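Each chain, written out:
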Amino acid sequence: MNTVVHSLNNSLNLARLNNIRKCASTAKSIRQPRRWTKVSIGALAILGAGGTAYYYSIENQERRKMKVLVGGVGRFLRSLYIGMSLSIDYKWTLYGLVGDEYDKAAKPVHTRAAQRILEGCLKNGGLYIKLGQGLVSFNHMLPKEYIDVLVVLQDKALPRKSDEVRQLFLEDFKMLPEEMFQSFESEAISAASIAQVHKAVTHEGQEVAVKVQYIDLQDRFHGDIKTVDILLYLIGLMHEKFDFSWVLKDLAHTLESELDFENEGRNGEKCARDLKHLDYLYVPTIHWNKTSKRVLTAEWIDGIKISDLDGIKKMGLSIKDINHKLCKCFADQIFHSGFVHADPHPGNVYVRKSEQSGKAELVLLDHGLYDYLKPNQRKSLCQLYKAIVLKDEANMVKYSNELGVKEI
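Some details on the overall build of the protein chain
Part 1 of the argument: Helix and strand content of the protein chain: 14 helices and 11 strands.
Part 2 of the argument: Summing over all exposed atoms, the protein chain offers an accessible surface of approximately 25300 Å²; the carbon and sulfur share of this is 57%.

The following block contains the structure:
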């Protein structure tokens, strides 16, 4: 009997010992991951703290570039999502349709696509708004639904931080605008897609218009253009007939020129030289010692937009005279010099009364965008214009073809 009891006790003790070993092993296996988790969290905390310390230790300009880089990833993903959504919508909705049925079904798809592009442009901001505005200018090629939706971008300016202008002046001139000028109005008098304009007075007492570019546009330019280029390529793979890469190349060249304010100043001076024989045409003087690639300081102009007919009449000026002078000005550029102001909307053509003659004087503003027409192109344009006046259809076709305009 004692032998049996002793044997049972040994068995119980052995079972307890095995249980203890299992518990210890389980506890160790539990503690091991917890220890690694703590190490991982600690490492991440150190990296985060180190990254934050580094971010605040560098110059503002470098901080902005880091933000642009990180923001570029977000803009790329957003743009990719929009591009794929457009592609799938077109494929799914229009698959197998032809003729009138296709045309009817395509209209709402165009509208949805344009609305998605509009939303993307507004959220991405920067050059995307300018690219959207560029698309509107292709109203002779894009579906009407695109133009109707995207036209709102023409009046969009980017929301900016109040200290941006001061930071840009420090980067470009090593001084604040309040130091560079006798007085500087911090609130912009006008704003557009790439810059805003401030009124200021120089230390010599001259009133000037100071055009200040949005501070991050040049940092973002190449990345944003590359993003859109990749998206167009991906969409082109899915839609063989979709080929708008040439549009982007044209817009990219245009934007790059517009972002260089020193180039804009040089364009204005060349325009003034080319049209100096027109005594009713004026181009504001550039203050080169207060100009950089991102800041353009020019003579202040008091005048009204050429589209303000009521204002023109109140000044006692002749609309017929203004019309003649405007046509003469641009005809001279198109047919003679070949150096043509390529953005002559009403906001860039002002009218004022000449102090000498009392008649209308035209002021050409914003010289960021110019086209150059070669001599053979100007000759073809002359002949085409003549053919139109004489209603000579054969020569209309001939000289249109010479200019690259052909029937499809």
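After that view of the structure, there is still more to cover.
Examining the sheet that holds strand 5 (residues 281–282)
Part 1 of the argument: Read across the open sheet, the 4 strands follow the order 5-10-9-7; overall the sheet is mixed. What marks the edges here is a single partner per strand, and that holds for strand 5 and strand 7 (304–305).
Part 2 of the argument: Inspection of the sheet shows strand 5 paired to strand 10 (residues 360–364) by 2 bridges, in the parallel sense. The partner of Tyr-282 across the bridge, within strand 10, is Val-363.
Part 3 of the argument: Helix 12 (residues 319–337) rests against strand 5, strand 9 (349–353) and strand 10 of the sheet, and its axis sits at about 40° to strand 10.

Looking at the environment of Gly-205
Part 1 of the argument: Along the chain, Gly-205 turns up in the loop between strand 3 (195–201) and strand 4 (207–213).
Part 2 of the argument: A residue is classified by how much of its surface remains accessible, and Gly-205, at 46% relative accessible area, is partly exposed.

With respect to the pattern of salt bridges
Part 1 of the argument: Under the counting rule described, the total for this entry stands at 19 salt bridges.
Part 2 of the argument: We note a salt bridge from Asp-89 to Arg-112, for which the minimum N-O separation is 2.8 Å. Of the two residues, Asp-89 sits in helix 2 (residues 60–94) while Arg-112 sits in helix 3 (residues 99–124), which places them 23 residues apart along the sequence.
Part 3 of the argument: Here Asp-89 falls in the buried class, since its relative accessible area comes to 11%.
Part 4 of the argument: When its relative accessible area of 31% is taken as the criterion, Arg-112 is described as partly exposed.
Part 5 of the argument: The partner of Glu-264 in a salt bridge is Lys-211, with the nearest N and O atoms 3.1 Å apart. Within this pair, whereas Glu-264 is found in helix 10 (residues 261–274), its partner Lys-211 is found in strand 4, the two being separated by 53 residues in sequence.
Part 6 of the argument: Residue Glu-264 is classed as buried on the basis of its relative accessible area of 5%.

Here we look at the environment of Leu-364
Part 1 of the argument: Residue position: Leu-364 is located in strand 10.
Part 2 of the argument: Setting aside residues up to four positions removed in sequence, Leu-364 forms contacts with Cys-271, Leu-281, Tyr-282, Val-283, Pro-284, Cys-329, Phe-330, Gln-333, His-341, Asn-348 and Val-349.

Here's the deal with the side chain of Glu-145
Part 1 of the argument: Structurally, Glu-145 can be placed in helix 5 (residues 144–150).
Part 2 of the argument: No salt bridge is formed by the buried Glu-145; its nearest oppositely charged neighbour, Lys-107, is found at 5.1 Å.
Part 3 of the argument: With residues up to four places along the chain from it excluded, the contact list for Glu-145 reads Lys-107, His-110, Thr-111 and Ala-114.

Conventions and cut-offs
- Residues numbered from 1 in each chain as written.
- Predicted model: local features only at pLDDT ≥ 70, side-chain atom pairs only at ≥ 80, totals over all residues.
- Heavy atoms only, no water.
- Helix = DSSP H or I, 4+ residues; strand = E, 2+ residues; numbered from the N terminus.
- Areas by Shrake-Rupley, 256 points an atom, 1.4 Å probe, with all protein chains shown as cover.
- Pairing = 2+ DSSP bridges.
- Contact = heavy atoms within 4.5 Å.
- Axes fitted to C-alpha atoms, helices over the stretch in contact; angles between N-to-C directions.
- Buried < 20%, exposed > 50% of the residue type's maximum accessible area, 1.4 Å probe, protein only.
- Salt bridge = Lys/Arg side-chain N within 4 Å of Asp/Glu carboxyl O.
- Lys, Arg positive; Asp, Glu negative; His and termini not counted.

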